[in-house]
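# Structure at a glance
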Amino acid sequence: MTPPLRLTLLAALSLAALTASALPASAGTDPWVRAWGENAQGQLGNGSVLAQQTPAAVVGITRDDVRELSGGGGGAAAAANGFTVALLNDGTVKSWGNNATGQLGNGTLVAQSFPATVAGLSGVSEVSAGLNHALAVKGGRVLAWGSNASKQLGTGQDTTNPYKAPIPVQSLDKVEDVGAGCDFSVALRQDGTVWTWGKGDNGRLGTGNNTTRETPQKVPDLVDVESVAVGCDHVLALTADGVVKAWGKGAEGQLGNDTTADSNKPVDVAYLDAVARIFATSASGFAVLDDGSLAGWGKNTDRQLGDGTNANRTTPVVLDTLKGVQSIAGGADFTVAALDDGSVIGWGANAAAQLGDGTTTNPTGTTVALPPGSGITHVATTVTGKSAFAY
């Protein structure tokens, strides 16, 4: 008897994942997006729900396919909700992992352990995955899906929750980039202004109060912004003159302004000049300077800043041992980076194999997930979890 189509497809995908995972991670021979760490929700996209100690191939997606990949959710055990969205170069979006709040955008609440296309979504230029929702930019407009419990989808008075397919965010146009955090959303418009909506706790909306907003609000007194980076509860913004602004939760020093107080309006990150790029991890911040050096600040209890200590830093610390950083991402207690030689390194906690070095041992320094020549230029992690991606 001919086996059912679904079983045949799953078998083929599993075989493809195993075959691809066995390929060596070297330049010219390994084209796949790679993922490792926690996988209980299928967030690694390799067709299984087994944790992965070394980088394994994401089913059917090569690095050349991907423009941007964003990991969402996290957590452990019954609270785990890790998921992933990937924007392909053809403008379509794929998603995989947990789907309890419709964050895969596939019209269901069913999880999936391999990438599938978000139906009806094309012409997309940016994506971002938050704690339990996702955002996309299409033609300068923002689309959102997933949980709307804290109004993070920006739909106005509508109380529908969750949304299992993309819907328009109210009132915004000419949007250049988006960032999804823990129950809130951020948009950077082409005119250099920043707009926020969703949960207002800790001042994460930057509007001068802690009020939850169900439609986008402009962050006051913030202009000429060139890029934004969104953590779980805080936001970083890089202005045209190289100044880094921050707002939101500050308890771990993630605002970088020499305090541990929250701020509901933008403040200057201290002692930073000539900043080229910014990155926000779950509760920390990093800046690549014009001279190629790297500075980090914020949560460091698991050595996730890479400064050789486990003390939180309330102002930026230059990380002299970390050179050639192209991309940085970090989850609950770890950080990974793509270097200019095509390698991927990591530091911080490793009990869930989130550093991808084949062990579950916490290193005192950096460790290697993928060697030089691997062709990697970008990394991503789940927002509050222990899963990582390289592409």
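Below or above, wherever it landed, is the structure these notes cover. (Residues numbered from 1 in each chain as written. Predicted model: local features only at pLDDT ≥ 70, side-chain atom pairs only at ≥ 80, totals over all residues. Heavy atoms only, no water.)

Strand order in the open sheet formed by 4 strands is E23-E24-E25-E26, and the pairing between neighbours is antiparallel. Two strands bound the open sheet, and with one partner strand each, they are strand E23 (325–330) and strand E26 (367–370). Strand after strand, the sheet turns through a mean of 30° between neighbouring axes, direction not considered. Where E23 lies against strand E24 (residues 334–339), 5 bridges are found, and the strand directions are antiparallel. Its bridge partner lying in E24, Val325 is registered against Leu339. (Pairing = 2+ DSSP bridges. Helix = DSSP H or I, 4+ residues; strand = E, 2+ residues; numbered from the N terminus. Axes fitted to C-alpha atoms, helices over the stretch in contact; angles between N-to-C directions.)

For the rest of this paragraph, the subject is the state of the cysteines. Counted under the stated rule, the structure contains 1 disulfide. Sulfur-sulfur distance for the disulfide between Cys182 and Cys232 comes to 2.0 Å. Looking along the S-S bond of the Cys182-Cys232 disulfide, the torsion reads about -110°, which is the left-handed sense. In this pair, Cys182 is assigned in the loop between strand E11 (175–180) and strand E12 (184–189) and Cys232 in the loop between strand E15 (225–230) and strand E16 (234–239), connecting sequence segments 50 residues apart. Since its relative accessible area comes to 9%, Cys232 is described here as buried. (Disulfide = S-S within 2.5 Å. Buried < 20%, exposed > 50% of the residue type's maximum accessible area, 1.4 Å probe, protein only.)

By size, the foremost hydrophobic cluster in this structure holds 16 residues, and its most contacted members are Leu236, Val244, Leu272, Val275 and Ile278. At the level of elements, E16, strand E17 (244–248), strand E19 (275–280), strand E20 (284–289) and strand E21 (294–298) are the ones that each hand at least two residues to this core. Here this core gets 3 residues from one element, more than from any other, and that element is E19. For Val244, the residues in contact, after removing those within four places along its chain, are Leu236, Ala237, Leu238, Val267, Asp268, Val269, Leu272, Val275 and Ile278. (Core = buried A, V, L, I, M, F, W, Y, C linked by side-chain atoms within 4.5 Å. Contact = heavy atoms within 4.5 Å.)

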